[in-house]
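Reading the structure
Take a look at the letters that make up each chain.
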Amino acid sequence: MGDSTRALCCIVPCYNEEASLPALFDALAEVSPALGREFGLTVGCVLVDDGSRDRTLELLRAQNAVDPNCHYVSFTRNFGKEAGLLAGMAEALRLFPGEDDLFVIMDADLQDPPSLLVDMVRALDEGGDDVDVAATYRKSRAGEPPIRSAFSHLFYRLMNSISDVSMRDGARDFRVMRRRVVQTVVDLPERVRFSKGLLMWGGFRTEWIGYENVERAAGESKWNFWGLMRYAIDGIVAFSVAPLELISVGGLVVFLLSLVFLLFIFVRALLFGDPVAGWPSLVCLITLLSGLQLLGLGVVGLYLSKIYAETKRRPLYVIREER
Ligand code: UDP
Ligand code: MG
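I will try to describe carefully the structure that is included in this document. These figures come from a predicted structure and were not determined experimentally.

1. A closer look at the pairing of strand β4 (residues 102-105)
Judged by which residues are buried, β4 turns out to be covered on both faces: Leu 102 and Val 104 on one side and Phe 103 and Ile 105 on the other are all buried. Here four bridges tie strand β1 (residues 6-14) to β4, and the two strands are oriented parallel to one another. Note on β4: the bridge partner recorded for Ile 11 is Ile 105. Across three bridges, β4 lies against strand β6 (residues 171-178) in antiparallel orientation. When the sheet's bridge partners are listed, Leu 102 is paired in β6 with Arg 178.

Now the structure itself:
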């Protein structure tokens, strides 16, 4: 494996990360010699400025000036992390065309510690052609709000039971990938992108490496509770039709129950006459059923909105500047 022209390209989405970037560059500079010595890898970057309103872009320009292997792409506005990842991967494939080049996705905030790269690349190299991805997962979620952890666990349990693509609880996007893996993900034509699922979808052989949770080095998380909730719903809609099946089955069950109920009412009226009563039960039935109908409509609407997004075929981002 001593090929000295191999590159390891770090793909980093950055949104208002002026506080973390200097530490990220330091951390990368620190592992570079080891990666070069042990695996003959040169470290390169594609950093994506996702419409930051702070000095992120200035820092990226400055870094590119001192290290021409450190490329950047800057969006016209904030298009979201998924768009940043896609742009980063597409540009990385173009800028690092070597057949043996490796690619790694990482956050700008050092929550994906670059020091782990050595172990990750070693796992890939030792696996030879049998391993395509060296991925990481967090062994614990220490330092994270407990409610967020609880919902994350629930999400992974749910996801794994209703979708064909298996996702490991705590899995990060932080993974070193061979070229064919990145190419496969970039080539997927869908607009509504849920990378955690897309990265697993290809079914490539993956070696998992666990590490303790690291808190953000600086700045603050871009995700709030509702943001994560929407992300989770996007993930479910993108990788499972279970909600649609559920409402069909629910509809069928309610229909069968109502047949039984109908028979019961009919027989009772025949036997005991029909004194006017039952207003409360009627109101209950109406509210229950219209609630169920609205829920069903909402679920269908969710899928429809994703289909709408797909059919518009809008590009996922607009680039203003790249180097
Ligand atoms: N990010 C981005 N665009 C966004 C939101 C986030 O490019 O609209 C980047 C952010 O700069 C960071 C990564 O995505 O590098 C993960 O975000 P963050 O650390 O805020 O999420 P957390 O680690 O809390 O899940
Ligand atoms: Mg983070």
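2. A closer look at the sheet that holds strand β5 (residues 133-138)
Read across the sheet, eight strands follow the order β7-β5-β6-β4-β1-β2-β3-β8 without closing on themselves; strand pairing throughout is mixed. The open sheet has two edge strands with one neighbour each: β7 (206-211) and β8 (319-322). This sheet shows a mean twist of 20° between the axes of neighbouring strands, independent of strand direction. Here strand β2 (residues 41-49) runs beside strand β3 (residues 70-75); their pairing, made up of five bridges, is parallel.

3. Details of the nonpolar core
Core analysis: the largest hydrophobic core is formed by 39 residues, its most contacted members being Leu 8, Leu 21, Leu 35, Leu 47, Met 106, Leu 117 and Val 176. A per-element tally of this core places helix α1 (residues 21-39) first, with eight residues. In this view, Met 106 contacts Cys 10, Ile 11, Val 12, Pro 13, Leu 24, Leu 28, Asp 112, Pro 114, Leu 117 and Phe 174; residues no more than four positions away in its chain are not counted. Ala 7, Val 48, Val 186 and Tyr 231 belong to the second-largest nonpolar core, a separate cluster that totals 37 residues.

Definitions and limits used
Residues numbered from 1 in each chain as written. Chains lettered and ligands numbered in written order. Predicted model: local features only at pLDDT ≥ 70, side-chain atom pairs only at ≥ 80, totals over all residues. Heavy atoms only, no water. Buried < 20%, exposed > 50% of the residue type's maximum accessible area, 1.4 Å probe, protein only. Helix = DSSP H or I, 4+ residues; strand = E, 2+ residues; numbered from the N terminus. Pairing = 2+ DSSP bridges. Axes fitted to C-alpha atoms, helices over the stretch in contact; angles between N-to-C directions. Core = buried A, V, L, I, M, F, W, Y, C linked by side-chain atoms within 4.5 Å. Contact = heavy atoms within 4.5 Å.

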